[in-house]
Amino acid sequence: MTTSTATATGIPAARPYESYVYAYPHKTAYRPLPERPSLRELWAAERKDALSLYLHIPFCEVRCGFCNLFTRIGAPEELTTRYLDALDRQAVAVRDALGDGEPVRFAAAAFGGGTPTFLTAGELERLCDIAEKRMGADLRAVPLSVETSPSTATADRLAVLADRGTTRISIGVQSFVDAEARAAVRPQRRAEVEGALGRIRDARIPVLNIDLIYGIDGQTERTWLTSLDAALAWRPEELYLYPLYVRPLTGLHRLGAGMTGPEAEALEQAAWDEQRLRLYAVGRDHLLAHGYEQVSMRMFRRADAPQEGPEDYACQTDGMIGLGCGARSYTSALHYSFDYAVDMREIRSIIDSFTATQDFSRAEVGRYVDEEEARRRHLLQSVLQAAGLPVADYRARFGTDPWADFPAELAEFAARGWLDEGAPEGLLRLSPLGLAHSDALGPALFSPGVRAAMAAYERK
């Protein structure tokens, strides 16, 4: 894909789809930490009364063509056992680093990946034990979200998750149209998807989320509505609508999507952008007409559904404990993780290194976050919510005003019609047009330093 030109503020000149901002700074801005700070020192002065806990399982039964997540296909030679052993060692080290000088409390938990339900029912029991017995999280007392897939959402696995307190399960369907699933290099059949959804509902987990993708090759408004209506038949409490991206080193990228020469690629890109914008509007309007509320560009919640866990782009800027080789951890000053890769050989090497690690007492890879970056992160996460940012909350946290801190960016957003001029006084909120362009607006708020680090990252 081509790289768009940008204004002085970094706002893309034309493209509505720069990147999905699910974390800031992105892992490609992380670097090895020469001093390898101890976790005990990093967490010594941090608040620990409302932490989030995330456990990462880097295994899938297949890898979809669009996927650039940190995951590998399969787990030969008892690799899942070795991985859980390492996760257990890491949990012991992290909990020790948190100390007992003040109460340690987890307010939310999540299992992600990869596909956590790649694990067997017995292994899922062990995963929950690591969260509870090692970390001290009470999974039955806090929101617990777990990701799954059609082929791994088996009755025995779901029974374990329901019994251990899971309040939300998210299943990646992407399309109910078999031809579209094949076009996205996702081997599944609708019958398999429907069977999995039936088992999830039978498990009586309170919140069901279904992920769908628009912008697939050959997808039309009619087939998009087919998928939307098939999902709505299950009355999911949440729906996420994702625009398709073709990212470097993914299956679709290797197949040559968008690689037809500069001029042809530009025309193809413009047509694809138009298709995605059109399908986004169709999906948004369809869900709003069927009793759903828009939470962000991607997230829609049924109006009568309970909220289980933090919002999309939640404004919790600090206090994340991530366990597993693909997980991030956040303190107020440092975001850290393990190495990041997309290429399967590199991922396998990182997982092997993780399973062999005995000492998890230090941070290895990360990026320090100063006050200016913290302001950017808070503004970015908040304004990408449909509800917007109460300016008073920003002032209370930072002692400044977002318009004073980011005058050029916000002025340009306003000039493009991306800000809601009719919002109540004191509320910084996106217009419907701005929400539609969230994937351009979010990257525009990246700092020059983060953009430079991401550009210098060597893909692997």
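The structure displayed is predicted, hence computed values, not measured ones.

Asks: Hey, could you run me through unusual backbone geometry in this one?
Replies: Most peptide bonds adopt trans geometry, and most residues besides glycine take a negative phi value. At the junction of Y24 and P25, the peptide bond is cis and its omega measures out at -5 degrees in the coordinates. Mapped onto the fold, P25 is located in the segment before β1 (31–32). Cis rather than trans, the peptide bond between G113 and G114 has omega equal to 15 degrees. With respect to the secondary-structure elements, G114 resides in the loop between β5 (106–113) and α3 (121–134). For R36, which is not glycine, the phi dihedral falls at a positive 40 degrees. Looking at where R36 falls in the secondary structure, it is placed in the loop between β1 and α1 (39–43). Taking the relative accessible area as the measure of exposure, R36 reaches 32% and is therefore partly exposed. With a phi angle near 45 degrees, R235 is a residue other than glycine that sits in the positive phi range. The topology assignment puts R235 in the loop between α7 (221–232) and β9 (238–243). Under the relative-accessibility criterion, R235 is labelled partly exposed at 45%.

Asks: What exactly am I supposed to notice about the packing of aromatic side chains here?
Replies: In this description, a pair of aromatic rings is defined by centroid distance and the angle of the planes. All chains considered together, the criterion is met by 16 aromatic pairs. Relative to Y280, the ring of Y214 lies with its centre 6.5 Å away and its plane at 45 degrees, an arrangement referred to as tilted. One end of the pair, Y214, is in strand β8 (residues 207–214); the other, Y280, is in helix α9 (residues 262–289), with 66 residues separating them in the sequence. Comparing Y214 with Y280, the two get one shared label, buried. Joined through ring pairs, the aromatic side chains of F59, Y83, F118, F338, F354 and F360 make up one cluster.

Asks: Which parts of the structure should I look at to understand the nonpolar core?
Replies: In terms of nonpolar packing, the biggest core is built from 113 residues, with L53, L212 and I321 touching the most fellow members. The residues contacting L212, other than those within four sequence positions of it, are V173, Q174, S175, F176, W224, S227, L228, A231, L239, Y240, L241 and Y242. Formed by 11 residues, the second largest nonpolar core is a distinct cluster that contains Y20, Y240, Y242 and V246.

Asks: Got a minute to help me understand the pattern of salt bridges in this structure?
Replies: If the charged atoms of two oppositely charged side chains come close together, the side chains can form a pair. This model, assessed by the stated rule, comprises 30 salt bridges. Between R302 and E237 there is a salt bridge; the shortest N-O distance is 3.5 Å. With R302 in strand β11 (residues 299–302) and E237 in the loop between α7 and β9, the pair connects residues that are 65 residues apart, well separated along the chain. Between D420 and R429 there is a salt bridge, with its nearest N and O atoms 2.8 Å apart. On the basis of relative accessible area, D420 is assigned to the partly exposed category, the value being 24%. Because the salt bridges share partners, they merge into one network encompassing E125, D129, E132, R140, D163 and R164.

Analysis parameters
Residues numbered from 1 in each chain as written. Predicted model: local features only at pLDDT ≥ 70, side-chain atom pairs only at ≥ 80, totals over all residues. Heavy atoms only, no water. Helix = DSSP H or I, 4+ residues; strand = E, 2+ residues; numbered from the N terminus. Buried < 20%, exposed > 50% of the residue type's maximum accessible area, 1.4 Å probe, protein only. Phe/Tyr/Trp six-rings, centres within 6.5 Å; stacked < 30°, edge-to-face > 60°. Core = buried A, V, L, I, M, F, W, Y, C linked by side-chain atoms within 4.5 Å. Contact = heavy atoms within 4.5 Å. Salt bridge = Lys/Arg side-chain N within 4 Å of Asp/Glu carboxyl O.

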